[in-house]
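# Observations on the model geometry
If you want the building blocks of each chain, they are given just below.
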Amino acid sequence: GLGEKIQELITSMLEQDLSHATDTSIHQRPQWAIGNDTLAKISNMLLDAEKIKWTFMHATMFYLMRPNLLYQSKIDNLMKTIVPSDFEPETSIGIPVRSSDKCIRESECLSFDQYMQIATKVAEKAAEKKTGSEAKIGITHKYIVLTSESLPILQARFNYSGNASFPFKFVANDADVTQGTGAPNAFRAMNKINVTADDIMLSTIMALKMQLLAERTVGNCCSNFHRMMNEFLGYGCGAAKQNQFECLQDNENPEFRLCCMWSKTKECRQKKTHSNLFGKGSDVLHPDVRDH
């Protein structure tokens, strides 16, 4: 299979590289002459059919989503206006919120208040690893990088940003078109308010680029978009030295542990039996489109 062929190629290149090395000490070894343990990890990953499927798909997506020069310039200019001059990736928490039509059939969804509880908990757990005066939320994490296709979600941050006791500052894109759907066949509805499919894609790429800034990220892995973020961050595409990504499906608090439509865990089966998990997408489509 493809995994075995890539493994053979890596092994061949390593053997060729090592054959030219006269000194195999850590300081003299060729630049990418990795050890047997690392090679074994790479091989195991490549031979994992499920992992390799998502890895190649996301690598392809990363390549295909490259913006042209015009949109690259637009993205760069937007990032300059959005990201504060004193921003540090190591002090930021990424909160991408997939709402709107995702909540109708495919996923449970949380309120904005619940997301803020989660962000605070993430910061508190990080602060516990600090000592002395550094063990404060405001020092450990200062920013929440907030993205969403939902206008009500993005606007909800204003209920917090004016609160002196709230420990975070928001990094958000006010130029996001907030189309209120993840379905491309619904994008044309935005024509009613003079928003094109290109505008929507620009906002989507901006959301991805912003989430690559965070040191810790909490996403809904019922969303392929969030799974893609996880993949990119996990393979070192982020601005932080190392990103820690948590799927809400694995959250320690049962209140925040979301179920997908296809989840088969005992907890999710019980939820589906005793309650209506879905059908709560009240923010589908941009408000101006719904009122048009």
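Whatever comes next refers back to the structure up there.
This one's a predicted model, so the numbers in the text were calculated from it and none came from an experiment. (Residues numbered from 1 in each chain as written. Predicted model: local features only at pLDDT ≥ 70, side-chain atom pairs only at ≥ 80, totals over all residues. Heavy atoms only, no water.)

When its secondary structure is counted, the protein shows 13 helices and five strands. Each of the 292 residues in the protein was classed as buried or not, and the buried ones make up 43%. Counting contacts in the protein only where the partners sit at least 6 residues apart, residues at least 24 apart contribute 74% of the total. Total accessible area computed for the protein in this model is approximately 16,700 Å², and 52% of it derives from carbon and sulfur atoms. (Helix = DSSP H or I, 4+ residues; strand = E, 2+ residues; numbered from the N terminus. Buried < 20%, exposed > 50% of the residue type's maximum accessible area, 1.4 Å probe, protein only. Contact = heavy atoms within 4.5 Å. Areas by Shrake-Rupley, 256 points an atom, 1.4 Å probe, with all protein chains shown as cover.)

Residue position: Thr217 is located in strand E4 (residues 216–219). Judged by relative accessible area, Thr217 falls into the buried class, the value being 1%. Contact partners of Thr217, with chain neighbours within four places excluded, come to Gly94, Pro96, Gln211, Leu233, Asn243, Gln244, Phe245 and Glu246.

In this section: the pattern of salt bridges. Pairing is possible between side chains of opposite charge, provided their charged atoms come close. Tallied over the entire structure, the rule returns eight salt bridges. Between Glu149 and Arg98 there is a salt bridge; the shortest N-O distance is 3.0 Å. Of this pair, Glu149 sits in the loop between strand E2 (143–148) and helix H8 (151–155) while Arg98 sits in the loop between strand E1 (92–97) and helix H5 (102–105), placing them 51 residues apart in sequence. Two residues, Arg157 and Asp174, come together in a salt bridge whose shortest N-O distance is 2.7 Å. In this pair, Arg157 is assigned in the loop between H8 and helix H9 (158–161) and Asp174 in the loop between strand E3 (169–171) and helix H10 (197–211), connecting sequence segments 17 residues apart. Given the relative accessible area of 7%, Arg157 is considered buried. What makes Asp174 exposed here is its relative accessible area of 60%. (Salt bridge = Lys/Arg side-chain N within 4 Å of Asp/Glu carboxyl O.)

Now for the environment of Phe278. Among the structural elements, Phe278 can be located in the loop between helix H12 (266–274) and helix H13 (287–290). Overall, the relative accessible area of 15% leaves Phe278 in the buried class. Excluding residues within four positions of it along the chain, Phe278 makes contact with Cys103, Ile104, Arg105, Glu106, Ser107, Glu108, Cys259, Cys260 and Met261.

Once that is clear, we can look at the state of the cysteines. Going through the model one piece at a time under the given rule, you end up with four disulfides. Between the sulfur atoms of Cys221 and its disulfide partner Cys247 the distance amounts to 1.9 Å. Handedness here is read from the sign of the S-S torsion; for Cys221 and Cys247, about -65 degrees, the answer is left-handed. Here the residue Cys221 occupies a position in the loop between E4 and helix H11 (224–234), and Cys247 occupies one in strand E5 (residues 244–247), the gap between them amounting to 26 residues. Here Cys222 is linked by a disulfide to Cys260, with a sulfur-sulfur distance of 2.0 Å. Taking the torsion about the sulfur-sulfur bond, which here is approximately -95 degrees, the covalent link between Cys222 and Cys260 counts as left-handed. With a gap of 38 residues between them, Cys222 in the loop between E4 and H11 and Cys260 in the loop between E5 and H12 connect regions that are remote in the sequence. Here Cys222 matches Cys260 in class, with each residue buried. Among the cysteines of the protein that take part in disulfides, numbered as they appear in the sequence, the pairing is 1-2, 3-5, 4-7, 6-8. (Disulfide = S-S within 2.5 Å.)

Below, the discussion takes up helix H6 (residues 112–127). Between its first and last C-alpha atoms H6 spans 23 Å; for 16 residues at 1.5 Å apiece the expected length is 22 Å, and the two agree. For H6, the set of buried residues is Phe112, Gln114, Tyr115, Met116, Ile118, Ala119, Val122, Ala123, Ala126 and Ala127. (Expected span 1.5 Å × (residues − 1).)

Relative to the 21 Å expected for 15 residues at 1.5 Å per residue, H10 spans 21 Å between its end C-alpha atoms, a close match to the ideal helical length. Buried within H10 are the following residues: Ile200, Leu202, Ser203, Ile205, Met206, Ala207, Leu208, Met210 and Gln211. Residues of H10 that are buried sit in contact with helix H4 (69–82), E1, E2, E3, E4 and H11.

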